[in-house]
4 protein chains.
Amino acid sequence: MSITQLQEISARIRSNKLFETFVVSIIILSALLIGAKTYEINETALQLITALDWSITFIFLFEIVVRFLAEERKADFFKSGWNIFDTLIVVVSLIPIEDSELALIGRLVRIFRVLRMVSIVPELRTLLNSLLKALPQLGYVILLMFIIFYIYAAVGTTFFRPINAELWGDIAISMLTLFRVMTFEDWTDVMYETMTVYPLSWSYYMSFIFLTAFAFLNMVIGIVVGVMEDEHAAERKAQQAADGVPTIEDLSAQIAELKALLQQQQQRP
Amino acid sequence: MSITQLQEISARIRSNKLFETFVVSIIILSALLIGAKTYEINETALQLITALDWSITFIFLFEIVVRFLAEERKADFFKSGWNIFDTLIVVVSLIPIEDSELALIGRLVRIFRVLRMVSIVPELRTLLNSLLKALPQLGYVILLMFIIFYIYAAVGTTFFRPINAELWGDIAISMLTLFRVMTFEDWTDVMYETMTVYPLSWSYYMSFIFLTAFAFLNMVIGIVVGVMEDEHAAERKAQQAADGVPTIEDLSAQIAELKALLQQQQQRP
Amino acid sequence: MSITQLQEISARIRSNKLFETFVVSIIILSALLIGAKTYEINETALQLITALDWSITFIFLFEIVVRFLAEERKADFFKSGWNIFDTLIVVVSLIPIEDSELALIGRLVRIFRVLRMVSIVPELRTLLNSLLKALPQLGYVILLMFIIFYIYAAVGTTFFRPINAELWGDIAISMLTLFRVMTFEDWTDVMYETMTVYPLSWSYYMSFIFLTAFAFLNMVIGIVVGVMEDEHAAERKAQQAADGVPTIEDLSAQIAELKALLQQQQQRP
Amino acid sequence: MSITQLQEISARIRSNKLFETFVVSIIILSALLIGAKTYEINETALQLITALDWSITFIFLFEIVVRFLAEERKADFFKSGWNIFDTLIVVVSLIPIEDSELALIGRLVRIFRVLRMVSIVPELRTLLNSLLKALPQLGYVILLMFIIFYIYAAVGTTFFRPINAELWGDIAISMLTLFRVMTFEDWTDVMYETMTVYPLSWSYYMSFIFLTAFAFLNMVIGIVVGVMEDEHAAERKAQQAADGVPTIEDLSAQIAELKALLQQQQQRP
């Protein structure tokens, strides 16, 4: 069997709707197995699960090989981040591990197989991509938030460490405490404690909450609404173009045509 | 009395404003009875409530029959989900139940009669419909959230089960715990406990909170604003059409007319 | 002095910038007095406060009289809700009350004098009005939320009353408990308690949270964004009209003019 | 070396990309030192940190001097708030302080040096500026919220002080308690306590939560979306102008041209 034939068959398998459904079912089965293993189960069930687990690994291996063979230019296969992710997951699953330390990694890899669901279902992939696309926009926002946290944590550690070292021991712990305050989780306990020594320390907490809550809301809503609006404007434009609704540019062209006609008329004797 | 006469009378009753007000009052009375039954009441009052309850059931039965008879094509009646809901509620209310097990179902059915309010008041029906219409758009969002929950729950169970089996015992309990973390409900207690064994486990919680909170906010706001914007654009367009404000298409037609006139002029000798 | 002269003088006082500043200062002083009275104060200070309090009442009385006299048609004065509110506050403040029961009402009326700030500062009045304007739009949303609460409370009372009568004793208490669950306030304590008897009761809480949180977010954001968008569209339109930017209607008129010109030309021999 | 030469050299240093990167690194190092000082450190490390700290201060001093010299008109330098901030931070850092009271201020000043990050990185400066620009719009909103808080606090103190003086002792404490209620932090504990004396006091809390939560959401979302929309509209307009997309004004001008042509034609014999 020639390479070309193999590729053709692979491509046919890959684009088969039944094959896709089968792979999705296998991923769901794999997810269920992961869930099942967290329950108390007897020896027989465990052996069955282990056997199923290996079958799933081999089906995944087969699927990756098919997808790889179906690719016309093999180098393109590894250009997609999802393909690299899938290959890694399968390769690590194949390594037989006995060591208890490494066994943990084996279990984690099996858990991350659930993410293959996202790589297979196009709608989920689109959703995740649009989420990731908004992330870099958040970059400077997160940096600013981090600076606010850092400054408040440094101030907090300076003043409140003698009061409660567990919450304000060093700058890392203080930042965790401030994150807790930002989520409003028992933040008054933290405040009332420091207020016994510094009665005005409520201003520290309230300014922090206002700064982070307002800044966060402001910027997240801003980014989301901004992205949304651009997308919708683009969609509407595409829709109008598809519907044949004339644009202002079309009108301008039409009027220019009229002008040409009129000028032509004037040049007639 | 012929069938046609019966239908005519029924239609007249159904469209009577007074009849509608009467039915709404009965639904409110029915809701009040449900509330009243949750208080300690003496025997006489209980008998009164039971009597009222049966009267309400029969009034509802009468109303359904009227609505059914008023329908011109009987088959259309069951095409509306609300009609099926109303009929089911009334039919189950009619079954006399003594068994304590079934009595519970009888009580629940009576509670769901309050939902008839939504089926009667058109504004509420519109509101609920618009809510339900946004739900399928949320479908893939919920699936993605579920996958994130599932993976974090599997990882959490793997690591934290030995620390606190009540919170991380199996994958279902872990998912409930994670939902609790997402609502910020005493989540630091959960975190501090696991941090005694895994000092870096704060990254597990913070990444989870960022992922779910940001993803959730991003997607919910995105969907809501998107739906809103489309609706408003449609409304504004309809409004402009009603006001006789010319559209770009009208302008284009006007200019085309001008061109025709000019061309006609040019063809004149 | 004639009535007309009195009215003229009153109108001049009312529109005096200094008089307005003076009244605002008095309101702020009145607010400070209310705050001061909540601290432990000695007898002399209390007497001073009482004296100041009466002075404020008489200044307010004077201001109301001035505003009333300044009104050209006296009947119009009571058409404004704010005027009625101001008059009521002053009249009740004037009644000398010794009885401890009524003294409480006297204190409450003095507290509500702070609201006069809103009635005086136009920006605050506008803000409050725009808030109140959005409220009726919320009417059906609140009704729907109430129905959801009522049904869940009825179901909750039916099942959970034997478990904890303090939280699920009757339908009113259950609704309060559900409001607490909606604010995520120690809601897991409520849930874990009922899960010991009904292990599946987590679905009751999670469906409730999803329904109310999603519905609430959906509808509030929807209304706010909707109101915003309409306002902005109106503003932009007004701005464009002020800037002399031509509208599509203007274009249409211009083209119609052209057509008339052309037709006129054609009718020439 | 003349003044002009010095200015030229300074300007060249200031605009050097490498110099900017160097200053940012120094700021990050300074931030890390602040963090390091919050941990338990031995004497040698402390001496190293102190030495580094002084080096950083002198580098900052050098940088400010360079920036000052690079400025063509010296008076302009102090027109920028950021420059004043930078100068103040450096000057206070230079004062050698031994007194433990003042040493605290010295530490605080060193912490605020982290904010220099914002003054150096233009993207962060833009972000902070846009945040500050939205703040004055919030002015009246915050005033209205304050009035609501003040009134509720006065009412709360009047009724609930005998129940729990720690939460409702005076108007300031009551306002703090209300802020806590607004963040949903153990608010039911506060409510259940007062409900033992005033069973209807739940209405006090629920009206407060609705008023503040709804008002806050309404106004914050309103402002954010409003600012966003204006910015986007401006951006889109600038984009269209850059792309050469004709505006309605261009169309109007085109049609006017046509009209002129036609009128010219008509005046021909």
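Being a predicted model, the structure only gives us computed values, none of them experimental.

Novice: So, the overall build of chain A: which residues are in play, and what are the values?
Specialist: When you go through chain A residue by residue, the secondary structure sums to 13 helices and 0 strands. The N-to-C order of helical and strand elements in chain A reads α-α-α-α-α-α-α-α-α-α-α-α-α. Considering only residue pairs separated by 6 or more positions, chain A has 62% of its internal contacts joining residues 24 or more positions apart. On chain A, roughly 14000 Å² of surface is accessible, and the fraction owed to carbon and sulfur atoms is 66%.

Novice: Give a detailed account of a nonpolar patch on the surface, specifying residues and quantitative values.
Specialist: On the surface, a cluster of nonpolar side chains totalling about 230 Å² of accessible area is made up of Tyr39(A), Ile41(A) and Leu46(A). Residue Tyr39(A) is classed as partly exposed on the basis of its relative accessible area of 37%.

Novice: Let's hear about the pattern of salt bridges: which residues, and what values?
Specialist: For the structure on display, the rule yields 35 salt bridges over all chains. With its nearest N and O atoms 3.7 Å apart, the salt bridge here joins Lys17(B) to Glu20(B). Note that Lys17(B) and Glu20(B) are positioned in helix H2 (residues 17–37) at a spacing of 3 residues, about one turn of the helix. Judged by its relative accessible area of 59%, Lys17(B) is exposed. Note that Asp86(D) is salt-bridged to Arg116(D), the shortest N-O span being 3.3 Å. A residue pair is termed long-range when its members are at least 10 positions apart, and Asp86(D) in helix H5 (residues 81–94) and Arg116(D) in helix H7 (residues 116–120) qualify at 30 residues. You can call Asp86(D) buried: its relative accessible area is 0%.

Novice: With reference to specific residues and values, describe the packing of aromatic side chains.
Specialist: Applying the stated criterion to the full structure yields 80 aromatic pairs over all chains. Seen from their ring centres, Tyr152(C) and Tyr204(C) are 5.2 Å apart, and the 55° between their planes marks the pair as tilted. Of the two residues, Tyr152(C) is situated in helix H8 (residues 122–160) and Tyr204(C) in helix H12 (residues 202–243); the sequence distance between them amounts to 52 residues. An aromatic cluster of three or more residues is present, and its members are Phe149(A), Tyr152(A), Phe159(A), Phe160(A), Trp168(A), Tyr198(A), Tyr204(A), Tyr205(A) and Phe208(A).

Novice: Let's hear about the relation of the copies chain A and chain B: which residues, and what values?
Specialist: Superposing chain A onto chain B takes a rotation of 90° combined with a translation of 0.1 Å along the rotation axis, leaving an RMSD of 0.2 Å. The relationship between the two copies is best expressed as a four-fold rotation axis.

Novice: If you had to explain the nonpolar core to someone new, which residues and values would you point to?
Specialist: Ranked by size, the top nonpolar core spans 221 residues in total, and within it Tyr205(A), Tyr205(B), Tyr205(C) and Tyr205(D) carry the most contacts. One finds Leu251(A), Ile255(A), Leu261(A) and Leu258(D) within the second-largest nonpolar core, a separate group that totals 20 residues.

Novice: Tell me about helix H3 (residues 43–70) of chain A, and please be specific about residues and values.
Specialist: Compared with an ideal rise of 1.5 Å per residue, which puts 28 residues at 40 Å, H3(A) spans 41 Å between its outermost C-alpha atoms and is within 8% of the ideal. Listing the buried residues of H3(A) in full gives Ile49(A), Asp53(A), Ile56(A), Thr57(A), Phe60(A), Glu63(A), Ile64(A), Val66(A), Arg67(A) and Ala70(A).

Novice: So what's going on with H2(B)? Residues and values would help.
Specialist: Residues and elements named next belong to chain B. For H2, which comprises 21 residues, the first-to-last C-alpha distance of 31 Å matches the rise-based estimate of 30 Å (1.5 Å per residue) to within 8%. Listed in full, the buried residues belonging to H2 are Phe-19, Val-23, Val-24, Ile-26, Ile-27, Ser-30, Ala-31, Leu-33, Ile-34 and Gly-35. Of the residues that open H2, the one with a side-chain oxygen 2.8 Å from the backbone nitrogen of Leu-18 is Asn-16.

Novice: Which residues make up the domain arrangement of chain A, and what values do they have?
Specialist: Taken as a whole, chain A is organised into domain 1 (3–120) and domain 2 (125–258). Just the C-alpha atoms count here: the centres of domain 1 of chain A and domain 2 of chain A sit 37 Å apart.

Novice: For the environment of Ala11(A), give the residues involved together with the corresponding values.
Specialist: Along the chain, Ala11(A) falls in helix H1 (residues 3–14). Given the relative accessible area of 26%, Ala11(A) is considered partly exposed.

Novice: Can you explain the packing of helix H3 (residues 43–70) of chain B against helix H5 (residues 81–94) of chain B? Please cite residues and give values.
Specialist: All names here are of chain B. It is the contact of H3 with H5, at a shortest axis distance of 10 Å, that shows an interaxial angle of 140°. Crossing of H3 against H5: the hand is left-handed. When H3 is examined against H5, the residues Trp-54, Thr-57, Phe-58, Phe-60, Leu-61, Ile-64 and Arg-67 are found in contact with a partner set consisting of Asn-83, Asp-86, Thr-87, Val-90, Ser-93 and Leu-94.

Novice: Can you tell me about the interface of chain C and chain D, naming the residues and giving the values?
Specialist: Each partner contributes to the interface: chain C provides 55 residues, whereas chain D provides 54 residues. With both chains or domains summed, chain C and chain D bury close to 4900 Å², and 74% of this area falls on carbon and sulfur atoms. For the interface between chain C and chain D, the tally reads 0 salt bridges. Applying the counting rule to chain C against chain D returns 9 residue pairs in polar contact (both at pLDDT 80 or more).

Novice: Mind laying out the environment of Phe184(A), listing which residues take part and the relevant values?
Specialist: All names here are of chain A. Topologically, Phe-184 is positioned in the loop between helix H10 (171–182) and helix H11 (187–195). We classify Phe-184 as partly exposed; its relative accessible area is 27%. Each C-alpha atom of the pair Phe-184 and Ile-209 lies 8.7 Å from the other, and the pair is 25 residues apart in sequence.

Novice: Break down the interface of chain A and chain B for me, with residues and values.
Specialist: Taken together, the 55 residues of chain A in the interface contact 54 residues of chain B. Carbon and sulfur atoms supply 74% of the area that chain A and chain B bury against each other, a total of about 4800 Å² over both sides. When the buried surface of chain A facing chain B is broken down by residue, Thr38(A), Leu176(A) and Phe179(A) rank first, second and third, together holding 12% of it. Along the contact surface separating chain A from chain B lie 0 salt bridges. Our count for the chain A to chain B interface comes out at 9 residue pairs in polar contact (both at pLDDT 80 or more). Secondary-structure elements contributing two or more residues to the side of chain A that touches chain B are helix H2 (17–37), helix H6 (100–112), helix H7 (116–120), helix H8 (122–160), H10, helix H12 (202–243) and helix H13 (248–267) of chain A. Residue classes in the side of chain A that touches chain B are distributed as 37 nonpolar, 8 polar and 10 charged.

The rules behind each value
- Residues numbered from 1 in each chain as written.
- Chains lettered and ligands numbered in written order.
- Predicted model: local features only at pLDDT ≥ 70, side-chain atom pairs only at ≥ 80, totals over all residues.
- Heavy atoms only, no water.
- Helix = DSSP H or I, 4+ residues; strand = E, 2+ residues; numbered from the N terminus.
- Contact = heavy atoms within 4.5 Å.
- Areas by Shrake-Rupley, 256 points an atom, 1.4 Å probe, with all protein chains shown as cover.
- Patch = residues over 30% accessible without salt bridge, like charges linked within 9 Å, V, L, I, M, F, W, Y side chains within 5 Å.
- Salt bridge = Lys/Arg side-chain N within 4 Å of Asp/Glu carboxyl O.
- Buried < 20%, exposed > 50% of the residue type's maximum accessible area, 1.4 Å probe, protein only.
- Phe/Tyr/Trp six-rings, centres within 6.5 Å; stacked < 30°, edge-to-face > 60°.
- Least-squares fit on C-alpha atoms with pLDDT ≥ 70 in both.
- Core = buried A, V, L, I, M, F, W, Y, C linked by side-chain atoms within 4.5 Å.
- Expected span 1.5 Å × (residues − 1).
- Polar contact = N/O pair within 3.5 Å; in protein donor to acceptor, adjacent residues only side chain to side chain.
- Domains from an automatic or database assignment.
- Axes fitted to C-alpha atoms, helices over the stretch in contact; angles between N-to-C directions.
- Left-handed = near helix turned anticlockwise from the far one by under 90°.
- Buried area = accessible area lost by both parts, 1.4 Å probe.
- Nonpolar A, V, L, I, M, F, W, Y, C, P; charged D, E, K, R; others polar.

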